[in-house]
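# Structural features, examined
Chain by chain, the residues:
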Amino acid sequence: MTILFAAGAASVARAEYPDREVDRPIVLPPGLSEAAASGEYARATRGFDADARTRALPDGGLESAATATALARYGVFQGLEVWVRAPYVLRLGAKGDDRPLSGTGRAAFGARYELSPRPLTYLAAAGGIVLPSTARSLRTDPDGTLHRDHLAVSGSLAFKQVLLDATAAWGVGEIVFPFANEDDDLAERDPPATFRFAAGSLFQIDDRFH
């Protein structure tokens, strides 16, 4: 189960910037700045084993998370914007662990470039730097062991396809490559890369609601 809410505001510097979200490109036009805040709550009751079968979560497995994120971006010139994202973990819950875990998540900053500025199809690539979390509580095991976090680089590809007058399909894929830290060097291991993909549809109910 996942619940997500978001709110945002933009400073418009170009009169031709579309009023409706469904018509807006992925990359901001030059001189336009945007700030947004979002929140998400997720809860899982079952997980997957090594054979991809569902099973009950083991003790210590991540069971729930509540996160708030602030995002700011700015259109530098035609087809290029810079962005910064700062998450905060309001509560991170593990099965069998009643400790209230919270703290700063992994902030990131980078740039996004528009690959396809066509009226109905938008495609953009982004790259960024992912900073380590500064919250010790999120990286401490119940036995007191503190794990060092990773500095990482990220790359992503996003698209939006306008389908009807008030409907658009969207998708994003991102891969994150972490750098080895002292814990990895001592254990002679390479930290694994992570990949995520999300897709969905956007429905414009009104100029102000979507």
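If you're wondering where the values come from, they're calculated on a predicted model, not measured in any experiment. (Residues numbered from 1 in each chain as written. Predicted model: local features only at pLDDT ≥ 70, side-chain atom pairs only at ≥ 80, totals over all residues. Heavy atoms only, no water.)

### Here's the deal with the pattern of salt bridges
To keep it simple, the criterion reads: Salt bridge criterion: a side-chain nitrogen from Lys or Arg within 4 Å of a carboxyl oxygen from Asp or Glu. Under the scheme used here, helices are H or I runs from DSSP no shorter than 4 residues and strands are E runs no shorter than 2 residues, and both carry numbers assigned from the N terminus. Each residue is assigned to one of three classes by its accessible area relative to the maximum for its type, calculated with a 1.4 Å probe on protein chains only: buried under 20%, partly exposed between the two thresholds, exposed over 50%.
If you walk through the whole model with that rule in mind, you get 11 salt bridges. Among the salt bridges present, the one from R20 reaches D165, with a minimum N-O distance of 3.7 Å. You can see R20 sitting in the loop between β1 (2–11) and β2 (33–43) and its partner D165 sitting in the loop between β10 (152–164) and β11 (167–178), a full 145 residues away along the chain. R20 gets classed as buried once you look at its relative accessible area, which sits at 17%. Salt-bridge contacts for R189 lead to D184; the nearest nitrogen and oxygen are separated by 2.8 Å. Overlapping salt bridges, with partners in common, bring together E34, R73, E81 and R112 in one network.

### Here we look at the confidence of the model for the protein
The cut-off we apply is this: pLDDT gives the predictor's per-residue confidence on a scale running from 0 to 100. We call two residues in contact whenever any of their non-hydrogen atoms come within 4.5 Å of each other.
Averaged over every residue, the pLDDT of the protein is 83; the share at 70 or more is 91%. Mean pLDDT across the secondary structure elements of the protein bottoms out at β1, with 48, and peaks at strand β9 (residues 121–130), with 95. A low-confidence stretch, residues 8–13 (pLDDT under 50), is modelled with 15 contacts involving residues beyond four sequence positions or located in other chains.

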